[in-house]
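Chain by chain, the residues:
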Amino acid sequence: MTVVNGTGTREVGRSRTRLDAREKLRGEAMFTGDMEVPGMLYGRVLRSQHPHAEIVSINTSAAERMPGVAAVLVGRDLLDIDPYYGHAIKDRPIIAIERVRFSGEPVAAVAAEDEATAEAALAAIEVVYDELPLVDTIDKALDPSAPLLHEGPIRPGLFHGLGNLGERDGNIGYRYRLESGDVAAESAGAAFVTEGEYLFPAVYQYAMETHSVIADWKPGEIAIWASCQHPFLVQAEIADLFGLPIGAVRIQVPYLGGGFGSKSYTKMEPLTVALSRKARAPVKIVNRVEESMVTSRRHGMRCWMRTTADAEGTLLTRESRFWLDTGAYMDNGPRVTATAADAAPGPYRWRAVDIDAMCVYCNTAPSGSYRAFGATHLQWVAESQLDELARRAGIDPLEMRRRNLLRPGEPVRPDGSGKPLDADLIGDVERAAAAVGWDDPKGPRVGRGVSVGLLAAGAHPVSRASVRMRADGSVEVSVGTTEMGQGPRTVMAQIAAEELGTSSDRVRVLGADTRFTPYDRSTGASRSTTLAGKAVQNAAAAVAAKLRETACEVWDVAPELIELRDGCAAFGDEQMEFPEVIAKRFGFSGGEIIEGGEVRPTGGDSGSYAEGPVFWEVCVAAAEVEVDPELGQVNVLRTATVADVGRAINPQLVERQDEGAFMQGYGNAMFEEMVYRDGELINDNLLEYRVPRIQDLPQRMTSIVVENEDGPGPHGAKGCGEGALAAVPAAIVNALGDAGVPITELPLTPERVWRRLQDLSEPKSTEELT
Amino acid sequence: MTVEFTLNGRQVSAPAEPNTLLLDLLRDHFRLTGAKRSCDVQVCGSCTVLVDGGPVSACTYLAHEAAGREVLTIEGFSELPEFEHYASAFERHAAVQCGFCTPGFLLTLKSLRDAGDLETEEDIRHGLDGNLCRCTGYRAILEAARDIGEVAA
Ligand code: FES
Ligand code: FES
């Protein structure tokens, strides 16, 4: 369902078939794990069974003697380099050095002629551990007597980009505060107050392709094929680690079998390179699912929040303190923490706010990015407090939002910093509510909820692209955005084709290869269509200018009179096909036109991206649920999500992105949860870690595409694909609250819902509960 | 030891240990990488191939069990004329995103349709419950499956 439709374009705004569809349908699309390079060895990793221990000794001699084994790597092989990495905070060794901090941490790695030999060699490695006290939960980590997981000064990574990283405070590795006004004074006269504690479990991104890397180390040169979202950032970190110039590290990214943040920043690449360096041969490592589950996950969270409103339901103050479990190493913890803090006030007008967000080291697997990070953590907490206040004040939750939501142009951050609101939130939430029948009569045990939030999107606005028109009029686009399912190879082709007046099937978008592809900061934060897309548009416009320039030499008219359409330069009734134009330019039938385009924070012709975020991604959803009081089962009857994208370059792909995000949000809300026992992940497989299946698809779901042409990208586009994930748990939790079951802990397993129902129906004394 | 079977219509023989998995044989020996490894425990369906027309998870199916049988992988399926019917439905509904799960879905759908188990929406939901997709949110695949089975919405 599309609400507003742009016109006047031939490629942009059309639901073109994915240009990579056939290749993928025929099983020809290559992923890293499908690739082979000559002389390649297979790597396997020995992982610690202990979440926290001193490594007393590692004996690798038996493994090294096994036929077919080329190399065994351990921490002492890295004494010649500074082996710590981390884009935000350099705290993670390539392989454990003297101490392990999580169950699953690599302690040794083997390169052998086949996987079975490598696997057998792992079994022959003897490691002696001396266990250390376990700090496996946020509570234990915060205890003043807890051992410190990391000591010494914080070392900032290459891309910390967070201003002052501050001081380490015990096991709190990063802290972000957002304050404005005087909470005590402003809340003194509140008519309604709601306060509570909330828990959100760690969850797993489960991109179906596990983390996979091929590394080929040679003196002075490193080649890598990797399932990575941010090749240029990995390139820089690898160069830094192994002491090479950036240009001596080449990263090629084939297709990715999903990413969702799990493959953002540096993951398995340094270990694979180090193993290749030791083996002096190319090495491939393909994780098993249980290994990928300890490579990346979403932060677990404990949150306290308090919200107040006056007698008319006008919001006054919000306070929150929350702690994210980042695991043994920071990975993207600081950014997740800051984004969560931004999401804590929600898109509302406040008299005062006080948000204190803390990122805590624990003896658990490292947590990084997962689609809509931070916003997903906080939106359901923030929005359920809003509903609670609305219930107490006797105001319809939708009306409560109408009264308090920010309007376009108002500052989003309570301290007034950053970009003001760039979206029509009230319109979006009203559309979502209508789609689930907000005002329809409700049956018993049925509830409806809405949720509204914002996600600071776009990451750092630096992208470059080049567009090359060959002598035959076909076009190649080079752009560093990785194709992980979201569709850039199609969307970038449409953007370039629009500018050039050709058809998108004449355009080929190449995969990222740092040797040839112009720089692109990263593929994440919903930024590609907006920023890389703008760079492509600018590059294509420059090629178009060259075509016009040549055409006006021929026709001797002003360039603005020349139109590019249907693969031709046209002036009035006369037209020349592109190959003819290029032949005219070079004097014979050969040659090509190559131009670059870029976006950067300030200046240039790309508009200004100086004020962060690049745009505020809208996170809006509505849900209708029914609770079965006997079973505690929650049935999601109707849902609606909103993809507020400014301009949909390819509306069908936008809807599909939105639906994918919806389904992941549904999993996060309903049943996904990583279960730890004494620091060990006990459901580290797809039998016990349940993700949504086709049977879970609600019968009635609506994906609403809103196009107000108010985005900073090409043709007014802005990104999408994360908002629904952040919004869905909140909408379901609110719908459940409306049905009489307020919940403060996710996921909404039948057992949890059933117990909550029991507690509500028969109030017990504290003694009875224990 | 060797194992002999029909692979995509051709008689083949290949070396296989008693514990060699069909998935490894297909990927490593025959370089047919359209079947993907993900969950390893017969839950995700990305390694699905057809053996004598029925879907199996090649990640838990021994290569020797295929002896004397007919194995069809996505590479073989995509050569058959009927493939167009499936592929165009997936394209029309944008039911392919990253593509990692796609070969498994197509082969499962072929076996369902061939067996006459793709006539109702219930058939689709039941028949595809052993194939996971993390990108699409399933609706696109459900719509494509309706077209493939000519199921009324
Ligand atoms: S890899 Fe075989 S079913 Fe998942
Ligand atoms: S398309 Fe990516 S897992 Fe299905």
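What you see is a predicted model, and the numbers here were worked out from it, not measured in a lab. (Residues numbered from 1 in each chain as written. Chains lettered and ligands numbered in written order. Predicted model: local features only at pLDDT ≥ 70, side-chain atom pairs only at ≥ 80, totals over all residues. Heavy atoms only, no water.)

## Considerations on the pattern of salt bridges
- Summed over the entire model, instances satisfying the criterion amount to 81 salt bridges over all chains.
- When the shortest N-O distance is used, the salt bridge between R92(B) and D147(B) registers 2.9 Å. Of this pair, R92(B) sits in helix α3 (residues 83-92) while D147(B) sits in helix α6 (residues 139-149); the two residues are 55 residues apart in sequence, bridging distant segments of the chain.
- Residue classification places D147(B) among the partly exposed residues on the basis of a relative accessible area of 27%.
- Through salt bridges with shared partners, a single ionic network connects D169(A), R175(A), R177(A), E179(A), D354(A) and D356(A). (Salt bridge = Lys/Arg side-chain N within 4 Å of Asp/Glu carboxyl O. Helix = DSSP H or I, 4+ residues; strand = E, 2+ residues; numbered from the N terminus. Buried < 20%, exposed > 50% of the residue type's maximum accessible area, 1.4 Å probe, protein only.)

## Section: the environment of V49(B)
Residue and element names in this part refer to chain B.
- Considering the arrangement of structural elements, one finds V49 in strand β3 (residues 48-51).
- In sequence terms V49 and L128 are 79 residues apart; their C-alpha atoms lie 14 Å from each other.
- If we ignore the near neighbours within four places in the chain, the residues touching V49 are L22, L26, A35, G54, P55, V56, A58, V71, L72, T73 and L107. (Contact = heavy atoms within 4.5 Å.)

## Some points on the packing of α3(B) against α6(B)
All names here are of chain B.
- The interhelical angle for the contact between α3 and α6, taken along N-to-C directions, is 145°, at an axis separation of 8 Å. As for how α3 packs across α6, the hand of that crossing is right-handed. Note on element contacts: α6 touches α3 through I141, A144, D147 and I148, opposite H85, Y86, A89, F90 and R92. (Axes fitted to C-alpha atoms, helices over the stretch in contact; angles between N-to-C directions. Left-handed = near helix turned anticlockwise from the far one by under 90°.)

## Remarks on the state of the cysteines
All names here are of chain A.
- Taken as a whole, this structure holds 0 disulfides over all chains when the rule is applied.
- Left without a disulfide partner, C568 is nearest to the cysteine sulfur of C552, which lies 16 Å away.
- Look at C568 and you get buried, because its relative accessible area is 4%. (Disulfide = S-S within 2.5 Å.)

## Here's the deal with the interface of chain A and chain B
- With 50 residues of chain A in contact, the opposing surface of chain B contributes 51 residues.
- The junction of chain A with chain B conceals about 4,400 Å² of combined surface from both sides, 52% of it contributed by carbon and sulfur atoms.
- Taken as a group, L25(A), M208(A) and I694(A) account for 19% of the area that chain A buries against chain B, more than any other trio of residues on that side.
- Counting every contact that joins chain A to chain B gives 11 salt bridges.
- Notably, a salt bridge pairs E659(A) with R139(B), separated by 3.0 Å at the nearest N-O pair.
- Partitioned by chemical class, the residues of the side of chain A that touches chain B number 24 nonpolar, 14 polar and 12 charged. (Buried area = accessible area lost by both parts, 1.4 Å probe. Nonpolar A, V, L, I, M, F, W, Y, C, P; charged D, E, K, R; others polar.)

## Focus on the confidence of the model for chain A
Residues and elements named next belong to chain A.
- On average, residues of chain A score 94 in pLDDT, and 96% of them reach the 70 mark or higher.
- Every residue in residues 1-7 scores below 50 in pLDDT, and together they form 17 contacts with partners more than four places removed in sequence or on other chains.
- Confidence drops under a pLDDT of 50 for residues 766-770, and excluding neighbours within four residues, the segment shows 1 contact in the predicted structure. (pLDDT = per-residue confidence, 0-100.)

## What about a negative patch on the surface?
- A cluster of acidic residues, E54(A), E98(A), D130(A) and E131(A), forms a negative patch at the surface.
- Position of E131(A) among the secondary structure elements: in strand β8 (residues 126-131). (Patch = residues over 30% accessible without salt bridge, like charges linked within 9 Å, V, L, I, M, F, W, Y side chains within 5 Å. Areas by Shrake-Rupley, 256 points an atom, 1.4 Å probe, with all protein chains shown as cover. Lys, Arg positive; Asp, Glu negative; His and termini not counted. Charge placed at Lys NZ, Arg CZ, Asp CG, Glu CD.)

## Describing the environment of D428(A)
Residues and elements named next belong to chain A.
- Tracing the backbone through its elements, the reader meets D428 in helix α12 (residues 425-435).
- Each C-alpha atom of the pair D428 and S451 lies 10 Å from the other, and the pair is 23 residues apart in sequence.
- If sequence neighbours within four positions are ignored, D428 has contacts with V618, V620, V642, D644 and V706.

## Some words on the pairing of strand β30 (residues 700-706) of chain A
All names here are of chain A.
- The element β30 is largely enclosed, with a buried count of 5 among its 7 residues.
- Looking at chain direction, strand β27 (residues 633-644) and β30 are connected through 7 bridges and run parallel. Along β30, the bridge assignment pairs T641 with S703. (Pairing = 2+ DSSP bridges.)

## Some remarks on the nonpolar core
- Formed by 132 residues in total, the largest nonpolar core has its most connected members in Y206(A), F322(A), I732(A) and F90(B).
- Top element by residues in this core is helix α17 (residues 723-738) of chain A. It accounts for 11 residues.
- With sequence-adjacent residues up to four places away left out, F90(B) is seen in contact with L25(A), A95(B), V96(B), T102(B), F105(B), L106(B), L109(B), I141(B), A144(B) and I148(B). (Core = buried A, V, L, I, M, F, W, Y, C linked by side-chain atoms within 4.5 Å.)

## Section: the sheet that holds strand β22 (residues 563-565) of chain A
All names here are of chain A.
- On the basis of which strands lie adjacent, the open sheet formed by 3 strands has the order β22-β23-β24 and antiparallel pairing. Both edges of this open sheet fall to β22 and β24 (574-577), since each of them pairs with a single strand only. On average, adjacent strands in this sheet sit at an angle of 30° to one another, irrespective of strand direction.
- For β22 and strand β23 (residues 568-571), the ladder comprises 3 bridges, and the chain directions are antiparallel. If you follow E563 over to β23, its bridge partner there is A570.
- On top of the sheet, helix α14 (residues 528-555) reaches β22, β23 and β24; it is set at about 130° to β24, its chief contact.
- Contacts from helix α15 (residues 578-586) reach β22, β23 and β24 within the one sheet, and its direction differs from that of β24 by about 80°.

## Side note on the confidence of the model for chain B
- In the predicted model, chain B carries a mean pLDDT of 97, and the fraction of residues at 70 or more is 100%.
- Overall fold confidence for the complex sits at a pTM of 0.95, while the interface term, ipTM, reaches 0.98.

## Side note on helix α6 (residues 231-242) of chain A
Residues and elements named next belong to chain A.
- Its 12 residues place the ends of α6 16 Å apart at the C-alpha level, agreeing with the 16 Å of an ideal helix rising 1.5 Å per residue.
- In terms of burial, α6 is largely enclosed, as 11 of its 12 residues are buried.
- Residues P231, F232, L233, V234, Q235, A236, E237, I238, A239, L241 and F242 constitute the buried set of α6.
- Taken from the residues just after α6, G243 is the one with a positive phi, measuring 65°. (Expected span 1.5 Å × (residues − 1).)

## Some thoughts on the packing of aromatic side chains
- Applying the stated criterion across every chain, the model contains 15 aromatic pairs over all chains.
- Judged by centre distance (6.4 Å) and plane angle (75°), the ring pair of Y348(A) and W350(A) falls under edge-to-face. The same class applies to Y348(A) as to W350(A), namely buried.
- With a centroid separation of 6.1 Å and an interplanar angle of 80°, the aromatic rings of F5(B) and F30(B) are classed as edge-to-face. Of this pair, F5(B) sits in strand β1 (residues 2-7) while F30(B) sits in the loop between α1 (22-29) and β3; the two residues are 25 residues apart in sequence, bridging distant segments of the chain.
- Following the ring pairs from residue to residue traces out a cluster consisting of F31(A), Y255(A) and F100(B).
- Looking at R302(A), its charged tip hangs above the ring of W323(A), at a distance of 4.5 Å from the centre.
- Across the ring face of W304(A), the terminal group of R321(A) is positioned such that the distance to the ring centre comes to 4.8 Å. (Phe/Tyr/Trp six-rings, centres within 6.5 Å; stacked < 30°, edge-to-face > 60°. Lys NZ or Arg CZ within 6 Å of the ring centre and 35° of its normal.)

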